[in-house]
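Listed below are the residues making up each chain.
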Amino acid sequence: MYKLAGEERFLLWAVCSIQLQVLCDKSGEKLLLLAEGLLKKHIASHSMHEPEALMVYISLLEQQSKYNDALEVLSGNLGSLLVIEVDKLRIQGRLLARARDYAAAVDVYKKILELSPDDWECFLQYLGCLFEDDSMWKYFDDTDQIHPTKNIECKFSHLTEEMFDSRISSASELVQKLQRDTENSNLRGPHLAEIEIEKRKFLYGKKNDSELLKSLLQYFLKFGHLACYASDVEAFLQVLPPHKMAEFVGMLVENADSVSASATTVLGQTTTILKVQELTGNVFELPLGEIEASAVKLAKLYCQNLPLSKDLDPQESMFGEELLSLISNMLVQLYWRTRDFCYLAEAIMVLELGLSIRGHVWQYKILLLHIYSYIGALPLAFERYKALDVKNILTETVSHHILCQMLESPMWVDLNNLLQDYLKFMDDHLKESADLTFLAYRHRNYSKVIEFVLFKQRLQQSNQYEAARVEASLLQLKQNADSIEEEERVLENLKSGVQLVELSNEMGSRTLRFNEDMQTRPWWTPCPEKNYLLGSFEDFSYCPKENVNKDREENVKRSIQRKSLLPRMVYLSIQCSATALKESLETKGSGGDLKTCEELKSLLEEYTKTLGSSFSDAVEMITEISQGARTFETLGSDLVDWLNFAVFWNAWSLSSQEHWHVLNLLFERLILDRIKSMGSSQMNSCYSDVQVLVQIITEPLAWHSLVIQACTRSSLPSGKKKKKAQHSDHLPSSPMSQAIKDSIHSLCSTVQEVSNWLLNQINNPEDDQVERFLTTLKRNEGPGQVLGVLESFIASSEESEVGSRIFESLKTWSKADSARKTVTAQQRVLREFHQICGSKRKLLEKLKQQMSHV
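Just so you know, these numbers come straight off a predicted model, no measurement behind them.

Here is what the cut-offs are and how they apply
Residues numbered from 1 in each chain as written. Predicted model: local features only at pLDDT ≥ 70, side-chain atom pairs only at ≥ 80, totals over all residues. Heavy atoms only, no water. Helix = DSSP H or I, 4+ residues; strand = E, 2+ residues; numbered from the N terminus. Contact = heavy atoms within 4.5 Å. Areas by Shrake-Rupley, 256 points an atom, 1.4 Å probe, with all protein chains shown as cover. Lys, Arg positive; Asp, Glu negative; His and termini not counted. Charge placed at Lys NZ, Arg CZ, Asp CG, Glu CD. Polar contact = N/O pair within 3.5 Å; in protein donor to acceptor, adjacent residues only side chain to side chain. Expected span 1.5 Å × (residues − 1). Bend = angle between axes of the 7 residues up to and from the residue. Buried < 20%, exposed > 50% of the residue type's maximum accessible area, 1.4 Å probe, protein only. Axes fitted to C-alpha atoms, helices over the stretch in contact; angles between N-to-C directions. Parallel < 35°, antiparallel > 145°, perpendicular 65-115°, else oblique. Left-handed = near helix turned anticlockwise from the far one by under 90°. Nonpolar A, V, L, I, M, F, W, Y, C, P; charged D, E, K, R; others polar. Salt bridge = Lys/Arg side-chain N within 4 Å of Asp/Glu carboxyl O. Phe/Tyr/Trp six-rings, centres within 6.5 Å; stacked < 30°, edge-to-face > 60°.

**Q** Tell me what's going on with the overall build of the chain, and back it up with residues and numbers.
**A** On a plain count of helices and strands, the chain comes out with 42 helices and zero strands. Overall size of the chain, expressed as C-alpha extent along the three principal axes, is 100 × 80 × 50 Å. Pairs at least 24 residues apart make up 74% of the contacts formed inside the chain by residues separated by at least 6 positions. Counting every atom, the chain has about 37,800 Å² of accessible surface; 49% of that belongs to carbon and sulfur. Computed over 94 positive and 117 negative side-chain charges, the inter-centroid distance for the chain is 4 Å.

In C-alpha cells, the structure reads:
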C-alpha cells in the first residue's frame, strides 16, 4: 500500500506491525533494522509530519538500544514536532539515562522538576541518574498498572561514602528549592521527595531513622488530613523495623491536632492514624480492650461528623465514611481473637447501616461480601458483588472477590451465570481487540496500536481466564453427574476432555498473568487462597499484601493443571467401568480395556505430581488414612483433590475389593468426621466445613457414582434393561459386584447423614435464628457497644441536624431486617445443598435396586 500510494500512514502501519511482531514473539530483531531503514528512506525523501510518527521512530531506535541515534533525532528538526516542552524533556532524560550519560540526564530532570515540581516519577528517575543506578528502569519499563511496584530497590554498592554524601546533598538542595518555590501550594511531590532522600540515607546505612520519622511526621502535619496520606507513605514505612513503625504510630497520636484544627482536619487525621496502624500491622499488637475502645470512639466520631455531609449529593463521598470500614476491620479482628460471633454480627450491622446512608461506597460492599461469604450467607455476598456493578475490564480485575467462594458453593445457577458472564466478556474482548487495533491504525494513534495488542496478550495469559474455562467444564459435569447418559453428552461436547489435557500439558511452560486487583481485598483474606479467620490468631504474623501474593503463580498453575485432567479422567473411568463388571462376572478377569486403563494410569501419575507426590506414595497415603494410621490433616488444603485421586485410582483397578473398601472408608471417615465436628453448630461458625462437604459430594462422590452407574449399566443385558429380574439367571455373582453393592450401601448411609444434618439446620425456625442473631448484640459490655452508639445517635438525631436524605436513611434502617436477610441467605445455601444430596440419594437408591438383581 505504501509503494502504491506513497502515504506516510501506510509505512507507519508496516513499521508498527514489525514492532509488534518483535515485542510479542521476542524474536526477529533483524526486522527492526528493516523497519528503521524504511523510515530513514522515507524521512530523507518526505521528512515527517506527525508527532505520533516521530514517537514510533524513537521507540524503534530504543528497541534496538540506539539511544544516541534517538537523541540525535530528538534534537534535530524532527524534534520540533513535539510542541510540549516537558514531554520532550522527559523523552530526552530517559534516552540520556539509557545511554548512561547520567550527568546530562540529571540536568534534564532538574529542568523537568522546575517546570513540574509534583512529577513524582520524574524525581525518582532524577535520583536514579544521580546515583547512577540503572536498575530503576525495570520498574518504569513495567507497564503493570494493576500492581504498581511500591518499593523501588536502590543500588549503592558502587558508590563510596564521600560520593553518596555529595550526591545526596545535591538532591537535598534541589528539594529545598522546590519546596520554597511551591510554598504556597498544596503540591505533595516536593515533600515526599524529602522523605525519599531520608529513606535513601537510611538504606545506605546512615542510621538516620530519627530523621526519617521526623520527615514522615512533618508530612503528616501538612497532609495527614488527606485520604491519600497512608498510601503515600506506605513504601517508606516498610523499610523501617517493627519497633520503629510502632514508635511512628505513637508520634502521630501525640502530634494529632485535636484542639485548634477544624472538624474535617481532626476527622482526616484520626482516619489516617488508624490506616497507618493497619498498614504497619501495629493494630494487631494492641490489647483487646484498647481495640474495642477505639472502635467505640470511632463510632462516636462518625456520628458527631455526620451533620457535615447533610448538604452533599448522594454521589459525593461523605465526611468520615472510611471510619465505618475501619470499625468493621477492628470488629472482625476482635471476632478472630475471641471467636465471639457477636463481633462479626456487629460488623455486618455497621456496614449495612453505612450502605443505607450512602449506597455507593464500594468498600462497604466488598467488606460485606467477604463477611457474608465467611458465614455462609452466600446469596447476600453475591448480591453485594452484583451491586458493585462490575463491567468491562473490572470483570477481570474484581471478580476474584466472589469467584472462589461460588466455586465451593451449591449455588450452581448463580455460579454458571458468573462464569458465563466472565467468559463472554473475555471472549468478546479478545474478538473485538482486532477492531480496536484497526481503529487506532486508522486514526494514526500508533502508541495505542501497541497498547491494544499487548493488552490483548495480557488478557489471553490471564490465570483467571484459564481457570474459569476449566471450571465451566467441571460445572457441567457436576450438574449432570446423576445421569450417565447426560454426562456422556457433556463429555462428547468437551471432546472427551482431550483439549483440557493438552492445556494441562502446556501449563508448565505457560506464562500466567495475574490481573486481579488484590489491594481492594480485606486484610483477613489478602488473596483468594488465604483466609486468616480460618486459622488461629496465635499463629498469625503480619505480612504486607504485596508479599503474600508472590508465591501464587506456581500454586495456581498446579491447580489448573490438576483440574484440567479431571474431565478426561471421568471419561476414561466410565470407559474402564463399562466392561469391568461384565468381564469380572464372566471371566473373573481384571476388567477394563487395557489401553484405556493405561492412559488413566498415566494421567493419575501426572495428577499426583501436581499434588507433590508420586503415584505409589499417593496410594500409600490414602490407604493409611483410610485405616486411621494417618489423619486427614496430612492432606492439607488439597483434601478434595486427594479424594478425587482415590476415586480414579479405584476406577483404574476396579477388580480389587481392597481398593473399593479403602475408598468407602475414606468417604465415611472424612464426611462423618466433619459432621461430628460441626455437631449442632450454626452456619456462622462452621461454614468452612460445609464448603468441604459440598465439594466432596459434588466432585469425588459424584465421579464415583458415575463409575458405579457405568458398572451397573454394563451388567444389564442389551435390550433387556427393563427385565432386570432375568439378569440373575444369566450371570453368577462375583466379588466385584459385591464390592459395588457394599459401596452403594456405604454411600447411601453417608449421604443420608449429611442430609440429616442439613435438615436439622433447615428445620430450625427462622424466627428463632433471627432472635438468636439479635440477642448476641444486646450486651452491656463486649460486642454490641459500637452498635449501641450508632443506635443511640439514630434515636436522638433530628432532620434539621443531618439533612432529610440521611435522616430518612437512619430511620428506615433496621437491624432486624439485616439479621433476617442474613439468616434467609444462609438457609438458601443449606436448601440448595440439601437438594443436591437428595438427588444423590435418589440416584444411589436406584442403583441399589438395579444391583440387587446382579
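**Q** Got a sec to walk through the side chain of Asn515? Specific residues and values, please.
**A** With respect to the helices, strands and loops of the structure, Asn515 is situated in the loop between helix 27 (498-507) and helix 28 (545-548). Of note is the side chain of Asn515, whose polar atom sits 2.7 Å from the side chain of Glu396. A polar contact is formed between the side chain of Asn515 and the side chain of Arg458, at a distance of 2.5 Å.

**Q** If you had to explain the environment of Gln850 to someone new, which residues and values would you point to?
**A** Position of Gln850 among the secondary structure elements: in helix 42 (residues 815-851). The spatial distance from the C-alpha of Gln850 to the C-alpha of Ser715 is 9.3 Å, given a sequence separation of 135 residues.

**Q** Break down helix 34 (residues 683-698) for me, citing the residues and quoting the values.
**A** Taking 1.5 Å as the rise per residue, helix 34 with 16 residues should run 22 Å; its terminal C-alpha atoms sit only 19 Å apart, a clear shortfall. Its axis deflected by about 35° at Asp689, helix 34 carries its strongest bend there. In terms of burial, helix 34 is a largely internal element, 14 of the 16 residues being buried.

**Q** Account for the packing of helix 32 (residues 639-652) against helix 33 (residues 657-678), naming residues and giving values.
**A** Look at helix 32 against helix 33: their axes get within 9 Å of each other, and the N-to-C directions meet at 155°. Taken together, the axis directions place helix 32 and helix 33 in an arrangement best described as roughly antiparallel. Here the hand of the crossing between helix 32 and helix 33 comes out left-handed. Each of Leu639, Leu643, Ala646, Val647, Trp649 and Asn650 in helix 32 lies in contact with helix 33, whose residues at this interface are His659, Trp660, Val662, Leu663, Leu666, Phe667, Leu670 and Arg674. Of the residues belonging to the contact of helix 32 with helix 33, the class tally is 11 nonpolar, two polar and one charged.

**Q** Summarise the packing of helix 17 (residues 322-338) against helix 18 (residues 341-357); cite the residues concerned and give the values.
**A** At a closest axis distance of 7 Å, the pairing of helix 17 and helix 18 adopts a crossing angle of 165°. In terms of orientation, helix 17 and helix 18 fall into the roughly antiparallel class. Seen along the crossing, helix 17 lies across helix 18 with a hand that is left-handed. Contact residues: helix 17 offers Leu324, Ile327, Ser328, Leu331, Val332, Leu334, Tyr335 and Thr338, while helix 18 offers Phe341, Tyr343, Leu344, Glu346, Ala347, Val350, Leu351 and Gly354.

**Q** Can you explain unusual backbone geometry? Please cite residues and give values.
**A** Backbone geometry at Lys495 places phi at a positive 55°, although glycine is not the residue there. Secondary-structure assignment places Lys495 in the loop between helix 26 (484-493) and helix 27. Phi is positive for Ser496, which is not a glycine, with a value near 60°. In this structure, Ser496 sits in the loop between helix 26 and helix 27. The exposure class assigned to Ser496 is buried, which follows from its relative accessible area of 17%.

**Q** Go over the pattern of salt bridges, please, and point to the residues and values.
**A** The final tally for this structure, using the stated rule, is 48 salt bridges. Here Glu198 makes a salt bridge to Lys201, at a shortest N to O gap of 3.6 Å. With Glu198 and Lys201 both in helix 11 (residues 189-204) and three residues apart, this pair spans about one turn of that helix. Looking at Glu198, the relative accessible area reads 12%, which means it is buried. In this structure, the salt-bridge partner of Lys244 is Asp209, at a minimum N-O distance of 3.6 Å. Taken as a pair, Lys244 in helix 14 (residues 242-255) and Asp209 in helix 12 (residues 209-223) lie far apart in primary sequence, 35 residues in all.

**Q** Run through the packing of aromatic side chains, naming residues and quoting values.
**A** Tallied over the full model, the rule gives 20 aromatic pairs. Consider the rings of Trp336 and Trp523, whose centres lie 5.4 Å apart with planes at 45°: the pair is tilted. Taken together, the residues Trp336 in helix 17 and Trp523 in the loop between helix 27 and helix 28 connect sequence positions 187 residues apart. Grouping residues by exposure puts Trp336 and Trp523 together as buried. Between Trp336 and Phe537, the ring centres sit 5.2 Å apart and the planes meet at 90°, which makes this aromatic pair edge-to-face.

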